[in-house]
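Summary of the model geometry
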Amino acid sequence: MLFYLNGIFTGLLILANITAVKLFHIGTWVILPAAVIIYIFTYPIIDVITEVYGKKDAQRTVHSGLVTQILALVFITITIHLPEAPVFKEQESFETILNGSFRVILASLISYTVSQHLDVFVFNLLKSRHGQKKLWLRNNASTMLSQLIDTTVFIVIAFYGTIPLEVLGTLIITQYIFKFLAAICTTPIVYFLVGIARKHEAKIL
């Protein structure tokens, strides 16, 4: 089960980095990177790993995600600079999207490293106090705190200088509110995955 969770976690990270260059809006004032739809599911997964398998395995998952993102950054850079074939007419569009991804991935690496380690630390700290009780509390508390750090650091690094400051502030506020609400909504997913993982581990033992 741990291998599946690791695979899903790292896969979602790469998808989030690729889609982060797209901004979308909800109504007239909510502006969000498309990656937020994907990235919000990485925190429940890392919380499940911390809950069932412990802090060390969670940290290994965070590190594997970091390595995967670095590799993505390297290979994106290589593919951008490969000489395009005469029949390939989309080099400019290709560079526009993936060059945007370069800065986004760099921002993601920094915010990811800080916020995910914070999430594991806070979650594990609360678990040491409550045992298996109050899963909802440590899931939401660790996610909401780490998401605040992640959102602020990521958006400032990824978009500072490319969009007006008022839009930058709007991005931070609206994205965090979205993530805050999403963290609450994904709590049942955490309980569901924890239940499956514990049953799986019990069968192995």
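Just above sits the structure.
Just so it is clear, the structure is predicted and the values come from calculations on it, not from any experiment.

**Focus on empty space enclosed by the protein**
- Scanning the model with the defined rule gives one cavity of 30 Å³ or more in all.
- The calculated volume of the largest cavity comes to roughly 140 Å³.
- Considering the residues around the largest cavity, the lining is formed by 15 residues, among which A16, A35, Y39, D150 and F154 are closest to the centre.
- At the level of secondary structure, the elements contributing two or more residues to the lining of the largest cavity comprise α1 (2–19), α2 (36–39), α5 (91–130), α6 (135–159) and α7 (165–185).
- Counting residues per element, the lining of the largest cavity draws most heavily on α5, at four residues.

**Re the environment of V120**
- One can find V120 in helix α5.
- When neighbours within four sequence positions are excluded, V120 is seen to be in contact with I46, T50, K55, A58, Q59 and V62.

**A closer look at the pairing of strand β2 (residues 30–33)**
- Pairing of strand β1 (residues 23–26) with β2 involves four bridges; the strand directions are antiparallel. For H25, the partnering residue across the bridge sits in β2 and is I31.
- The loop that links β1 with its antiparallel partner β2 comprises three residues; one of these, G27, has a positive phi angle of about 75 degrees.

**A few points about the pattern of salt bridges**
- All told, the structure shown has four salt bridges when counted by the stated rule.
- Linking R138 and E51 is a salt bridge whose minimum nitrogen-to-oxygen distance equals 2.8 Å. On the criterion of sequence distance, the pair formed by R138 in helix α6 and E51 in helix α3 (residues 42–53) is long-range, its members being 87 residues apart. Here the two residues R138 and E51 agree in accessibility, since each one is buried.
- Here D150 ties to K179 by a salt bridge, and the two come within 3.1 Å at their closest N and O atoms. Of this pair, D150 sits in helix α6 while K179 sits in helix α7, and the two are 29 residues apart along the sequence. Both residues of the pair, D150 and K179, count as buried.

The rules we used
- Residue positions within a chain follow its written sequence, with the count starting from 1.
- With the structure being a predicted model, the display of local features is reserved for residues of pLDDT at least 70 and the display and counting of side-chain atom pairs for 80 or more, all residues being used for whole-chain, interface and lining totals.
- Water and hydrogen atoms play no part in the side-chain values, which are based on all heavy atoms of the structure.
- Put simply, the grid is 1 Å and covers the protein atoms alone, a cavity is a trapped set of points that fit a 1.4 Å probe, a pocket is an open set with protein on both sides within 12 Å along at least five of seven lines, and lining residues have an atom within 4 Å of a point.
- Grid points are joined across faces, edges and corners, and a volume is the space filled by probe spheres set on the points.
- Labels follow the DSSP assignment, with helices taken as runs of H or I lasting at least four residues and strands as runs of E lasting at least two, numbered in each case from the N terminus.
- Note on contacts: a residue pair qualifies if any of its non-hydrogen atoms lie within 4.5 Å across the two residues.
- Between any two strands, at least two bridges found by DSSP are needed for them to pair.
- Just to be clear on terms, a salt bridge is a Lys or Arg side-chain nitrogen sitting within 4 Å of an Asp or Glu carboxyl oxygen.
- Relative accessibility thresholds used throughout: buried, under 20% of the residue-type maximum; exposed, over 50%; partly exposed, between the two (1.4 Å probe, protein chains only).

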